[in-house]
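# Overview (structure and organization)
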Amino acid sequence: MTAYLPQSTIPIFTTVASYREWRQKAFKEGKSVGFVPTMGALHEGHLSLVRRSLTDNDLTVVSIFVNPAQFAPHEDLATYPRTLPTDLKLLEATTTSSDKEIKTPSAVFAPTVKEMYPSGIVLNVSEQKGTFIEVKGYSHQMEGMTRPTFFRGVATVVTKLFNIIQPTHAYFGQKDIQQAFILKRLVRDLLCPHPTPENLHIVPTARDPTDGLALSSRNAYLSPSGRKVADTLRRALLAAEAKWKEGNSTKQECIDAAVAQITQAQERIAKGGLDVQMKLDYIEMNDADDFSVLPSDARPVDRLVILSGALYVDKTRLIDNILLGDTAGLIDA
């Protein structure tokens, strides 16, 4: 530990060397290690993943690292919430219990940028030096349309974290479904032993119990007025899902149903005088295997489809998705 770290009952490691010493002991003792990677600003979505890891594993490690490589120069790296003291308190209070024991997180890995990027890191991709990971052909669709370098940064930092943490199991939320599917492909293509593809778990999206809003650290940016209409994207996707499940609607008719929900919300905002701006980024339907866009005249077929969208509420960009079809073996119950 270093002097600047908050007090915590959970061991905090800030260097690769100190963590690896701890991990080697777990290897020798034959203990399984679950891993939940985060950028901090923890919420119930993160904590649900932590509880899942606590249930499944002997030990659980949570990383807290705001990764600069997944931010473009114009994005919110400088203002992204950093709440380490609060995060540690939340982790200390997160437990699972059984007949045998009460489990709490075993370690937190909270490295510096220099520790994670020894060759240095700048936000402009054309000026970066060192080693980076790309998953070719799967990073330019969906979220990649708006954030073309995002998955390069995610793939790079997660590869580093897997090399450091060497988890038996790792846990990701369905809210970031493209990210989760890309990482499954990454560990398969790179023949990763820690975790193996089958031990990278995708857990259903954690939602606000009142309106179903997908939990996200960026929800903290929402104004009170913005929070009142933040469930619009969820309602839009549900409208598209209902249309798709009718069985005879085309993809375009489903998208139109979703867009209509957003248009209606914009009209209610204008009539109600709410001090909030709403702008649709995208709503799309993609093949879950290769992320290709479904044709406009596509109808329900026997394959898994990702229905996803992004919506700006003022300057806060909200994302969400629904999987249409059989998710057996892909999404954990």
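Quick notes on the rules
- Residues numbered from 1 in each chain as written.
- Predicted model: local features only at pLDDT ≥ 70, side-chain atom pairs only at ≥ 80, totals over all residues.
- Heavy atoms only, no water.
- Domains from an automatic or database assignment.
- Contact = heavy atoms within 4.5 Å.
- Buried area = accessible area lost by both parts, 1.4 Å probe.
- Salt bridge = Lys/Arg side-chain N within 4 Å of Asp/Glu carboxyl O.
- Helix = DSSP H or I, 4+ residues; strand = E, 2+ residues; numbered from the N terminus.
- Buried < 20%, exposed > 50% of the residue type's maximum accessible area, 1.4 Å probe, protein only.
- Pairing = 2+ DSSP bridges.
- Right-handed = clockwise from strand over helix to strand, strands pointing away.

Partitioning the protein into domains gives domain 1 (12–203) and domain 2 (217–324). For domain 1 versus domain 2, the distance between C-alpha centres works out to 27 Å. The interface of domain 1 with domain 2 comprises 25 residues on the first partner and 19 residues on the second. Between domain 1 and domain 2 lies a buried interface of about 1,800 Å² when both sides are counted; carbon and sulfur atoms form 53% of it. For the domain 1 face of the interface with domain 2, the top three residues by lost area are M142, E143 and F181, together amounting to 30%. Joining domain 1 to domain 2, the criterion identifies 3 salt bridges.

Let's shift gears to unusual backbone geometry. In this model, H194 is joined to P195 through a cis peptide bond whose omega is 0 degrees. Positionally, P195 belongs in the loop between α7 (177–189) and β8 (200–203). Of note in the backbone geometry, A41 takes a positive phi value of approximately 50 degrees without being a glycine. Here L191, not a glycine, exhibits a phi torsion of approximately 55 degrees, which is positive. Note on placement: L191 falls in the loop between α7 and β8.

With that out of the way, let us pick up the pairing of strand β7 (residues 169–173). Of all 5 residues in β7, 4 are buried, a share of seventy percent or more. Sheet topology places strand β2 (residues 33–38) next to β7; 2 bridges connect them, and they run parallel. Directly across from F35, in β7, lies its bridge partner A170. Pairing between β7 and β8: 4 bridges, direction parallel. Counterpart to G173 in the pairing with β8 is V203. Regarding the hand of the β-α-β motif, the stretch spanning β7, α7 and β8 is right-handed.

Turning our attention to the pattern of salt bridges. In total, this model carries 21 salt bridges according to the counting rule given. With its nearest N and O atoms 2.7 Å apart, the salt bridge here joins E29 to K25. The closest approach of N and O atoms between K251 and E284, which form a salt bridge, is 2.6 Å. Of the two residues, K251 is situated in helix α10 (residues 251–272) and E284 in strand β9 (residues 278–287); the sequence distance between them amounts to 33 residues. Under the relative-accessibility criterion, E284 is labelled buried at 18%. Several salt bridges converge on common partners, so that one network encompasses K25, E29 and K31.

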